[in-house]
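Per-entry structural report
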Amino acid sequence: MKISMLLFLALLGACTRSNDRDLDLADVAVDFGVEIGVEDASDLSSAPDLTMDADPDVGDLVDEDLGSDLGAIDLGAPDDGPDLAPCVPPVNTPPPLTEVPLLLSETGLYADVIAETLADGVRPFQPRYVLWSDGATKDRHIWLPPCEQIDNSDQDQWSFPIGTRVWKTFTRDGIRIETRLIMRWGPGPKDYFFSVYLWRDDGTDADYVQYGVSNAKGTAHDVPAIDNCEACHGHLPEPYLGVSAIMLTHQLPGVNITDLSNEGLLTVPAPAGFEIPGNATIREALGYVHANCSNCHNETADTVVFDTPFSLRTSVGDATPQDTGAYRTAVAQPVTKFVHPDCLLRIDPRSPTSSCVYVRMGIRGGTSQMPVIGTKIVDPVGLAAVRDWINALP
């Protein structure tokens, strides 16, 4: 690549002006650092390779050798416009949490708990496919550290910046009962803490509970013990099960994958999102088992070792329904663990009542129910979605 005439004349002029003193490369760079791609002319350690004799003269600078040397300088890509302004954290950014807070008001969710005013940067969201919780309604919120991005280079398993906080508040029978928090506190794969807060009757705050509460606040809702949180959230690289490419592909209220992409909060923008393949019947069934079953039933989970792979998880790269884990590892596949007398296949096409996935979804009480914890009531909508899908299988 030939050096531009502007840079050549600039260097020539600088050398001519030097006359009775040595050429100071820093002086040249101060005037023309932008032209040679140096951001800080006082520090040439980052400059392109520009080798010169210690005592050059003007003749040396303009001969053919210099031209060929300078021709190797990388002048950088064309200017595409001004750089974006540097990110400045909001004044009211909550401080890092160095220990598990004992009050919900100390977690950074609310600026005013009683008024239910969210703190700066806290945003509501909801997943496209929801986890069944015996009919409880749930309000979900996320807070990302300012000036940080979610690493979604693996679209199936987003990696969240240190400090990310996700809350989920449960209301049952019109009574607000508990709020759960998952926070990433360090860089390690297990550097998360889980905490659960039971709301006070007067609504002024919620208190940390470690060992859970059965039939909390006069309802049939059980607040889990902290140790139970990892039973659902601890078997995938990231525990934020409702915040993912598939879960946030929607136009429902709250932040979604389009918003995160357009706001520069994803390392790989994907504003169009990713739909589960198939028709509406297939999508609803695969979405349901993805949300309610695949945190344990996937090909990397360490919960149960099956004789053959068993995954109910859908991946972003699944182009057709037949590519999904459910079709590959469940449809027409024999049961290898927890054999139930009513079913010998995981999914028996055209026969829900002899499909173990469907049969165990309809059981509550004992070790045969699925999921094994977190629910006392069968989900009629989810069961119907899986039934309709099985009936439509070839």
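Residues numbered from 1 in each chain as written. Predicted model: local features only at pLDDT ≥ 70, side-chain atom pairs only at ≥ 80, totals over all residues. Heavy atoms only, no water.

1. A look at the overall build of the protein
Note the following rule: Where helices and strands are cited, they refer to DSSP runs of H or I of at least four residues and of E of at least two residues respectively, numbered from the N terminus. Any pair of residues with heavy atoms lying within 4.5 Å of one another is described as a contacting pair. Reported accessibility uses the Shrake-Rupley method at a 1.4 Å probe radius. Residues are deemed covered only where the shown protein chains occlude them.
Of regular secondary structure, the protein possesses ten helices and eight strands. Here the contacts in the protein between residues at least 6 apart in sequence split such that 54% fall between residues at least 24 apart. Looking at the protein as shown, the accessible area adds up to about 20,600 Å², and 55% of this sits on carbon and sulfur atoms.

2. Observations concerning the pairing of strand β5 (residues 165–172)
Let me state the cut-off plainly: Exposure categories follow from relative accessible area, calculated using a 1.4 Å probe and restricted to protein chains: below 20% of the type maximum is buried, above 50% is exposed, and the middle band is partly exposed. When DSSP finds at least two bridges between two strands, those strands are taken to pair.
When you tally the buried positions in β5, you get eight out of eight residues, the bulk of the element. Residues Arg165, Trp167, Thr169 and Thr171 of β5 are buried on one face, and the alternating residues Val166, Lys168, Phe170 and Arg172, pointing to the opposite face, are buried as well. Judged from the seven bridges that link them, strand β4 (residues 137–143) and β5 form a sheet pairing that is antiparallel. Looking at β5, one finds that Thr137 is bridged to Thr171. The pairing of β5 with strand β6 (residues 175–184) spans eight bridges and is antiparallel. Looking across to β6, one finds that Phe170 is bridged to Glu178. Turn length for the β5-β6 hairpin, with the two strands adjacent in sequence and antiparallel, is two residues, and the turn residue Asp173 shows positive phi of about 55 degrees.

3. Some words on the pattern of salt bridges
Note the threshold: Between Lys or Arg on one side and Asp or Glu on the other, a salt bridge is scored when a side-chain nitrogen of the former is within 4 Å of a carboxyl oxygen of the latter.
Counted by the stated rule, this structure contains ten salt bridges. The salt bridge involving Glu178 is made with Arg180; its shortest N-O contact spans 2.9 Å. Residue classification places Glu178 among the buried positions, given a relative accessible area of 0%. On the accessibility criterion, Arg180 (23% relative accessible area) is partly exposed. Here Asp388 ties to Arg387 by a salt bridge, and the two come within 3.3 Å at their closest N and O atoms. Classification of Asp388 as partly exposed rests on a relative accessible area of 37%.

4. A few points about the packing of helix α7 (residues 280–292) against helix α10 (residues 380–392)
Stated precisely, the cut-off is as follows: To get an axis, fit a line to the C-alpha atoms, keeping to the stretch in contact for a helix; angles then go from 0 to 180 degrees between the N-to-C directions. Under this scheme an angle from 65 to 115 degrees is roughly perpendicular, one under 35 degrees roughly parallel, and one over 145 degrees roughly antiparallel; angles in between are oblique. It is the rotation of the near helix from the far one that decides the hand of a crossing: anticlockwise by less than a right angle makes it left-handed, clockwise makes it right-handed. Lys, Arg, Asp and Glu make up the charged group, whereas Ala, Val, Leu, Ile, Met, Phe, Trp, Tyr, Cys and Pro make up the nonpolar group; the residues left over, Gly among them, are polar.
Where α7 contacts α10, the two axes come as close as 8 Å, and the packing angle between them is 130 degrees. Taken together, α7 and α10 sit at an angle that is classed as oblique. By crossing handedness, the relation of α7 to α10 is classed as left-handed. Between α7, through Thr281, Ile282, Glu284, Ala285, Leu286, Tyr288 and Val289, and α10, the contact on the second element is made entirely by Gly382, Ala385, Val386, Asp388 and Trp389. Counted by class, the contact of α7 with α10 contains eight nonpolar, two polar and two charged residues.

5. Some points on the state of the cysteines
Going by this rule: Two cysteine sulfur atoms form a disulfide, by the criterion used here, when they sit within 2.5 Å.
Evaluated as defined, the whole model comprises one disulfide. We note that Cys229 lacks a disulfide partner, and the nearest cysteine sulfur, in Cys232, lies 8.6 Å from it. Its sulfur unpaired, Cys232 is 6.0 Å from the next cysteine sulfur, which belongs to Cys296. For Cys232, a relative accessible area of 28% gives the class partly exposed.

6. So, the sheet that holds strand β8 (residues 206–208)
Read from one edge to the other, the open sheet built from six strands follows the order β3-β4-β5-β6-β7-β8, with strand pairing classed as antiparallel. Each end of this open sheet is capped by a strand with a single partner; those strands are β3 (123–125) and β8. The average angle at which neighbouring strand axes cross in this sheet is 30 degrees, direction not considered. Sheet topology places β6 next to strand β7 (residues 192–199); seven bridges connect them, and they run antiparallel. Looking across to β7, one finds that Thr179 is bridged to Tyr197. Each of β6, β7 and β8 is contacted by helix α5 (residues 226–233), which is oriented at about 120 degrees to β7, the strand it contacts most.

7. Concerning empty space enclosed by the protein
Where we set the bar: Using a 1 Å grid laid over the protein atoms alone, points where a 1.4 Å probe fits but cannot get out form a cavity; open sets with protein on both sides within 12 Å along at least 5 of 7 lines form a pocket; any residue with an atom within 4 Å of a point counts as lining. Grid points are joined across faces, edges and corners, and a volume is the space filled by probe spheres set on the points.
Across all of its chains, the model carries six cavities of 30 Å³ or more by this definition. In this structure, the largest cavity spans a volume of roughly 80 Å³. In terms of lining residues, the largest cavity is bounded by Gln155, Asp156, Gln157, Trp158, Phe160, Leu236, Glu238, Tyr240, Leu241, Val243, Ser244 and Arg313. Broken down by class, the residue content of the lining of the largest cavity amounts to six nonpolar, three polar and three charged.

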